[in-house]
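Spelled out from the first residue to the last, the chains are:
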Amino acid sequence: MAYFRRVSTTAVFLHKQLLISSRRWHNSSAFGNMDELYNKVFVNGELVEKSATFPVYNPYNNEVVGRSADCDTKDAEEAIEVAKNAFKSWKKTTAKERHNILKNWHTLMMEHQRELAETITAENGKVIKEAMDEVAYAASFLEWLAEESRRTYGMTIPSNAQSKRFVTIQQPIGVATMITPWNTPMAMVTRKAGAAIAAGCSVVLKPSEETPFSSLALAKLSVEAGLPPGVFNVLPVSRANTPMVGKVFCESPHVAAISFTGSTDVGKLLLRQSADTVKKVMLELGGHAPFVVFNSADLDKAVSGTMASKYRYGGQTCISPNRMYIQADIHDQYVTVSRETV
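Residues numbered from 1 in each chain as written. Predicted model: local features only at pLDDT ≥ 70, side-chain atom pairs only at ≥ 80, totals over all residues. Heavy atoms only, no water.

Engineer: How do you make sense of the overall build of the protein chain when you look at a structure like this?
Structural biologist: The secondary structure content of the protein chain amounts to ten helices and 14 strands. Computed over its C-alpha atoms, the radius of gyration of the protein chain comes to 22 Å, within 12% of the 20 Å expected for a compact globule of 342 residues. With respect to the three principal axes, the spread of C-alpha positions in the protein chain is 70 × 55 × 40 Å. Each of the 342 residues in the protein chain was classed as buried or not, and the buried ones make up 49%. When the accessible area of the protein chain is evaluated, it comes to approximately 16,600 Å², of which 53% is carbon and sulfur surface. (Helix = DSSP H or I, 4+ residues; strand = E, 2+ residues; numbered from the N terminus. Rg over C-alpha atoms; globule rule 2.2 N^0.38 Å. Buried < 20%, exposed > 50% of the residue type's maximum accessible area, 1.4 Å probe, protein only. Areas by Shrake-Rupley, 256 points an atom, 1.4 Å probe, with all protein chains shown as cover.)

Pasting the structure below:
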């Protein structure tokens, strides 16, 4: 199964076919109430209430933000079936149609930037400025992927016979399941789901149990953007049920790809569980980032870069430095300036 020759995040959700032929959130009336997301799953274009729930806490004060729906293996199987059926028609849409929907989704996110940011802050704990930045960052993926959807080019291959011509085209691979982390609860959703949707795939996504409402808020906007029912589905799942739901994602014969961002150990487990169905597996695992400063570095820029990367979101991003390597001649000066800056 081939990838694009050109680098593109949409590429992982496409396969190449060879053709041979003869020649404010709580009070916003425009956007709705955050309460509407409590106890809900998003399947087949609708927020559906579920009786089984678990609490979601604000990490700043440990107060309960709200109760989230708690999906199980049956819910996962049903959502995959919905996505499979939606894929039958979604895969036939033109790149222009998918482009327009993703652009609409991007516009709606920016129109509701403050409300979405407040959702992130409530369940994730980011300061509102960082949450606002994340919404813009998350929306930018939809904008970029909307344009990429129109660039799913095929290619021609020199033939060994005058009577034949070889042509490749890109086609969506099918249902993609996704498991996203808590530290960027919107950006990781649009980055993963946006790429699959742009390619013509349907999606079943399990957000982190610590930040389910951000994903549900995005799903709600997707309806207004014009995304057909069943193309994007969100299943909140408690920590207790996550291993079982993840196993369904990996072992279902109706799922063509799985994307996961998280720990290396869990990534290895998902890879093993996906082996029997030979899924396309996309893993972003761990995070062990050194920060290196050489004698020739601009000291002010080096310190500024250290502060930005180390303290962004309290040091809880995947690229936050966890160790510093400073060349000897500049070491003492770097330490002094860094201490003064902090």
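Right, picking up where we left off after that structure.
Engineer: Help me understand the environment of Asn85, please; the structure alone is not making it clear to me.
Structural biologist: Among the structural elements, Asn85 can be located in helix H1 (residues 73–90). Look at Asn85 and you get partly exposed, because its relative accessible area is 38%. Once the C-alpha coordinates of Asn85 and Val175 are considered, the two residues, 90 residues apart in sequence, prove to be 9.4 Å apart.

Engineer: Got a minute to help me understand the confidence of the model for the protein chain in this structure?
Structural biologist: Fine structural detail should not be taken from predicted coordinates in areas where pLDDT scores are low. In the predicted model, the protein chain carries a mean pLDDT of 89, and 91% of its residues have values of at least 70. Scored below 50 in pLDDT, residues 1–8 makes 22 contacts in the model with residues more than four places away or belonging to other chains. Ignoring residues within four places in sequence, the model shows residues 20–30, a span with pLDDT below 50, making 29 contacts including any to other chains. (pLDDT = per-residue confidence, 0-100. Contact = heavy atoms within 4.5 Å.)

Engineer: For this particular structure, what's the right way to read helix H3 (residues 113–124)?
Structural biologist: For the α-helix, the turn length of 3.6 residues means that residues three or four positions removed from each other point alike. The end-to-end C-alpha separation of H3 is 16 Å, in line with the 16 Å expected for twelve residues at 1.5 Å each. With ten of its twelve residues buried, H3 lies for the most part within the structure. Where H3 is concerned, the buried positions are Gln113, Glu115, Leu116, Ala117, Glu118, Thr119, Ile120, Ala122, Glu123 and Asn124. On its buried side, H3 packs onto strand E4 (53–57), strand E5 (64–69), helix H2 (95–111), helix H4 (128–148) and helix H6 (212–225). (Expected span 1.5 Å × (residues − 1).)

Engineer: Honestly, the nonpolar core in this entry has me stumped. Any pointers?
Structural biologist: Counting residues in each nonpolar core, the largest one holds 53 residues, and the members touching the most others are Trp105, Met109, Ile197, Val203, Phe213, Leu227 and Phe232. Top contributing element to this core by residue count: H4, with eight residues. The residues contacting Phe232, other than those within four sequence positions of it, are Phe42, Trp105, Val189, Ala193, Ile197, Val203, Leu205, Ala219, Ser222 and Leu227. Counting residues in hydrophobic clusters, the runner-up holds 22 residues, among them Cys71, Ala83, Val248 and Val255. (Core = buried A, V, L, I, M, F, W, Y, C linked by side-chain atoms within 4.5 Å.)

Engineer: Looking at this structure, how should I read the layout of surface pockets?
Structural biologist: To locate leftover empty space, one rolls a probe as large as a water molecule over the atoms. What the largest pocket holds in volume is close to 790 Å³. Among the secondary structure elements, those contributing two or more residues to the lining of the largest pocket are helix H5 (187–199), helix H7 (242–251), strand E11 (255–262) and helix H8 (264–273). Its residues assigned to classes, the lining of the largest pocket shows 14 nonpolar, 13 polar and eight charged. (1 Å grid on protein atoms, 1.4 Å probe; cavity = no way out; pocket = protein on both sides within 12 Å on 5 of 7 lines; lining within 4 Å. Points joined across faces, edges and corners; volume = space filled by probe spheres on them. Nonpolar A, V, L, I, M, F, W, Y, C, P; charged D, E, K, R; others polar.)

Engineer: Explain the pairing of strand E7 (residues 165–172) here, please?
Structural biologist: Successive side chains on a regular strand alternate, one facing one side of the sheet and the next facing the other. Burial along E7 is one-sided: the face carrying Phe166, Thr168, Gln170 and Pro172 is buried and the face carrying Arg165, Val167, Ile169 and Gln171 is not. Of the pairings in the sheet, the one linking strand E6 (residues 155–157) to E7 comprises three bridges and is antiparallel in character. Within the sheet, the bridge partner assigned to Ile157 lies in E7 and is Phe166. (Pairing = 2+ DSSP bridges.)

Engineer: Any chance you could explain H8 here in plain terms?
Structural biologist: By the burial criterion, the buried members of H8 are Gly267, Leu270 and Gln273. Each buried residue of H8 lies within a common arc of 130 degrees when the element is viewed along its axis, so the set occupies one face. Exposed residues on H8 whose side chains face more than 90 degrees from its buried face are Asp265 and Arg272. Where H8 is buried, its residues touch strand E8 (175–179), H7, E11 and strand E12 (280–285). (Arc of directions from axis to C-beta.)

Engineer: Quick question: what am I supposed to make of the packing of H3 against H6 here?
Structural biologist: When two helices pack together, you describe them by how their axes are tilted relative to each other and by the distance separating the axes. At their nearest, the axes of H3 and H6 sit 8 Å apart, and the two run at 160 degrees to each other. Between H3 and H6, the angle is such that the two are roughly antiparallel. Seen from above, H3 lies across H6 with right-handed handedness. Only Pro212, Phe213, Ser214, Ala217 and Leu221 of H6 make contact with H3, whose side of the interface consists of Leu116, Thr119, Ile120 and Glu123. (Axes fitted to C-alpha atoms, helices over the stretch in contact; angles between N-to-C directions. Parallel < 35°, antiparallel > 145°, perpendicular 65-115°, else oblique. Left-handed = near helix turned anticlockwise from the far one by under 90°.)

Engineer: Explanation requested: unusual backbone geometry in the structure shown.
Structural biologist: With glycine set apart, most residues show a phi of negative sign, and most peptide bonds adopt trans. For Asn44, which is not glycine, the phi torsion reads 60 degrees and is therefore positive. The class for Asn44 is partly exposed, based on a relative accessible area of 40%. Phi angles above zero are rare outside glycine, and Asn62 is one such case at about 65 degrees. Residue placement: Asn62 occurs in the loop between E4 and E5. On the basis of relative accessibility, which here comes to 56%, the residue Asn62 falls in the exposed class.

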